[in-house]
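Survey of secondary and tertiary structure
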Amino acid sequence: MVNIGLLADQVITGLSIGAQLFLVAIGLSLIFGVLDVLNFAHGALYMIGAYVAVILVKGSDVFGVHVPTLGFWPGTVAALIVVGLLGTIIEVGFIRRLYGRQEEVLDQLLLTFAFVLILTDLTRVVFGTGQFVISPPAGLQGSVQFTSSLAVPTYRAFLILTSVAVFAGLLAVLRLTNVGRLVRATASDRDMARLLGIDVSRLYTGVFFVGCVLAGLGGALASPVGAVSPALGDQVIINAFVVVVIGGLGSFTGAFVGAYVIGVLIAVGSIVIAGAGQLLPFLAMIAVLVLKPQGLFGAGEGA
């Protein structure tokens, strides 16, 4: 019989895992929903964001240049900028050349997978294959006590609140602002949007930048709750794809719900049946694909 206290702890852990997955999956969904680009490199960009945060917390030498210790929050801001700019270079320099090709989707998959290999191997060359571990920032250490038997680690609660804020903010921008209307119009019909005078290329670059910034944010915020290594991107992108398949490709609501469902399944499954934490998310994905192939919330709702 599962101990109730242990189950509650695992549910909280699962919610924080879901928050981390959401910050990856939402960027993946945004890019796919607007650009129709299934970005395999998203996990590698997440990993780069984690490394940038770790470097500025610990201090390190990068390509012979000493990077001083600045702290977690400057590291997080730097991760957003670095990953966003790197994503912009990838979109402008490479992915943009593939739009409109007959084999566009296949070419995009091959190209973004190539960037996974390049970024992962480059990270190994610069930082080695070892793991880096950092602590949460001083103001977010400790726990929040809800009852005598239930306490939530402050940093995990922060992750959950951040994911909710990002979800609400993106929905507000897309549904209530002129920029959001342009994004939704372009996602619906890029050719018509271009005829109406929308600079589709610039908008695509902006959306790709935002999606990559979210990946960088996810990586930076995840660095205090797990080991950072070159394998981090491979680990997270698999679960992120499971999330977007379950929720519906391009759906923000689907990414939010799917991320939390998968997070809880990973955490709770591991105490119910040995090894089930890794098995249950894939069983859930298979069930959704069989019963509702477009995902729980349909494709493209968020865009």
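Residues numbered from 1 in each chain as written. Predicted model: local features only at pLDDT ≥ 70, side-chain atom pairs only at ≥ 80, totals over all residues. Heavy atoms only, no water.

1. Focus: the overall build of the chain
For the chain, the count of helices and strands is 11 helices and four strands. In terms of C-alpha radius of gyration, the chain reaches 19 Å, essentially the compact-globule figure of 19 Å for 303 residues. Overall, the C-alpha framework of the chain stretches about 60 × 55 × 35 Å when taken along its three principal axes. Across the 303 residues of the chain, 49% fall into the buried class. Counting contacts in the chain only where the partners sit at least 6 residues apart, residues at least 24 apart contribute 76% of the total. A total of about 13800 Å² of accessible surface is found on the chain, and carbon and sulfur atoms cover 69% of it. Charge centroids of the chain, computed over 13 positive and 13 negative side chains, lie 6 Å from each other. (Helix = DSSP H or I, 4+ residues; strand = E, 2+ residues; numbered from the N terminus. Rg over C-alpha atoms; globule rule 2.2 N^0.38 Å. Buried < 20%, exposed > 50% of the residue type's maximum accessible area, 1.4 Å probe, protein only. Contact = heavy atoms within 4.5 Å. Areas by Shrake-Rupley, 256 points an atom, 1.4 Å probe, with all protein chains shown as cover. Lys, Arg positive; Asp, Glu negative; His and termini not counted. Charge placed at Lys NZ, Arg CZ, Asp CG, Glu CD.)

2. Digging into the packing of helix H9 (residues 232–247) against helix H10 (residues 252–272)
Following both chains from N to C, one finds H9 and H10 inclined at 125°, their axes separated by 8 Å at the closest point. For the element pair H9 / H10, the angle class is oblique. In this structure, H9 crosses over H10, and the sense of that crossing is right-handed. Of the residues in H10, those in contact with Asn239, Val242, Val243, Ile246 and Gly247 of H9 are Gly254, Ala255, Gly258, Ala259, Ile262 and Ile266. Looking at the contact of H9 with H10, its residues break down into seven nonpolar, four polar and no charged. (Axes fitted to C-alpha atoms, helices over the stretch in contact; angles between N-to-C directions. Parallel < 35°, antiparallel > 145°, perpendicular 65-115°, else oblique. Left-handed = near helix turned anticlockwise from the far one by under 90°. Nonpolar A, V, L, I, M, F, W, Y, C, P; charged D, E, K, R; others polar.)

3. Section: H10
The end-to-end C-alpha distance of H10 is 30 Å, a good match for the 30 Å that 21 residues give at a rise of 1.5 Å each. Where H10 begins, the capping side chain belongs to Ser251, and its oxygen is found 2.9 Å from the backbone nitrogen of Gly254. (Expected span 1.5 Å × (residues − 1). Polar contact = N/O pair within 3.5 Å; in protein donor to acceptor, adjacent residues only side chain to side chain.)

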